[in-house]
Amino acid sequence: MQVFLARTLNAILLLFSVVIIALFAGIFLVGRFWPDYRGYYIGVFAFVSIVITLYFKYLEDHWDKRIITRMAKSGKVALMHIRGGRRLMSMRDTSFTVYWIYELEGELWNREHVPLKKTFQEKMNKDTGEIPEGFVYVTYDEQKPRQVFIIPNAMIGNLPGLAPLVAGYEKDGAINIKYLDAHYNKGMVLKTFKETLSDYKAERA
């Protein structure tokens, strides 16, 4: 899904760039044939350019997060046992922040606690190396199987409506859950809690 979002954002950026260039070229056209309106046109051009830029930046920063939040709030969540992953491609946004798109694989435990083989793409922090094995919660809707995103642990804890679902997984003796620390920091970060504790101690030393 992250690859789809990245390609869609690139297409939107191209479209917006064409619109801005066309509007900029219009300044010369208006200045030649309707010079009295040139100042007004420049004002409209500046306003439209700013609105388009801000809207694109909003999409770039929040599109995937809005999908995650909406699906998590509506209970479209499943448990994912991540077995590993590999780098697919690097990506840079308009703020020059670098990410890695990873393909992650493992078993997704649906609401009936049936494990399903699953691969999906996630936008990871640029310092991500080897993907640790462990469990995370992901967005999952059987009607939209491509919309799989890792849900940060903090979001799971802040949505009381998910407590019964989480408790159900944790009480299932067939699932030996060992959670990963999943949080967002310029891309998704996945670490074992041992690694997170070591990093915390190193920062305080």
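Description of the structure in this document. (Residues numbered from 1 in each chain as written. Predicted model: local features only at pLDDT ≥ 70, side-chain atom pairs only at ≥ 80, totals over all residues. Heavy atoms only, no water.)

### Overview of the pairing of strand β4 (residues 134-139)
So the rule is basically this: Exposure classes here rest on a 1.4 Å probe applied to the protein chains alone. A residue is buried below 20% of its type maximum, exposed above 50%, and partly exposed in between. A helix here means a DSSP run of H or I that spans at least four residues, while a strand means a run of E at least two residues long, and both kinds are numbered starting from the N terminus. Any two strands with at least two DSSP-identified bridges between them are counted as paired.
Within β4, six of the six residues are buried, leaving the element largely enclosed by the surrounding structure. Burial along β4 is two-sided: Gly134, Val136 and Val138 facing one way and Phe135, Tyr137 and Thr139 facing the other are all buried. Alignment of strand β1 (residues 77-92) against β4, held across six bridges, turns out to be antiparallel. If you follow Val77 over to β4, its bridge partner there is Thr139. Where β4 and strand β5 (residues 150-151) come together, two bridges link them in antiparallel fashion.

### Examining the pairing of β1
Taken together, the twelve bridges between β1 and strand β2 (residues 98-109) define a ladder with antiparallel strand orientation. Bridging from a neighbouring strand, Met80 pairs with Leu108 of β2. The turn linking β1 back onto β2 is made up of five residues, and Phe96 within it adopts a positive phi angle of 70°.

### Let's talk about the side chain of Asp181
Stated precisely, the cut-off is as follows: Charge counting follows a simple rule: Lys and Arg are positive, Asp and Glu are negative, and His as well as the terminal groups are ignored. For this analysis, a salt bridge means a side-chain nitrogen from Lys or Arg found within 4 Å of a carboxyl oxygen belonging to Asp or Glu. By the criterion applied in these results, polar contacts are pairs of N or O atoms within 3.5 Å in which, for protein atoms, one can donate a hydrogen and the other can accept it, and in which residues neighboring in sequence qualify only through two side-chain atoms. The contact criterion used throughout is that any non-hydrogen atoms of two residues lie within 4.5 Å.
Mapped onto the secondary structure, Asp181 falls in strand β6 (residues 181-184). An unpaired buried charge is present at Asp181: no salt bridge exists, and Lys191, the closest side chain of opposite charge, is 7.0 Å distant. For Asp181, the side chain forms a polar contact with the side chain of Thr196, separated by 2.8 Å. Beyond its immediate chain neighbours, meaning those up to four positions away, Asp181 contacts Asn153, Val189, Leu190, Lys191, Phe193 and Thr196.

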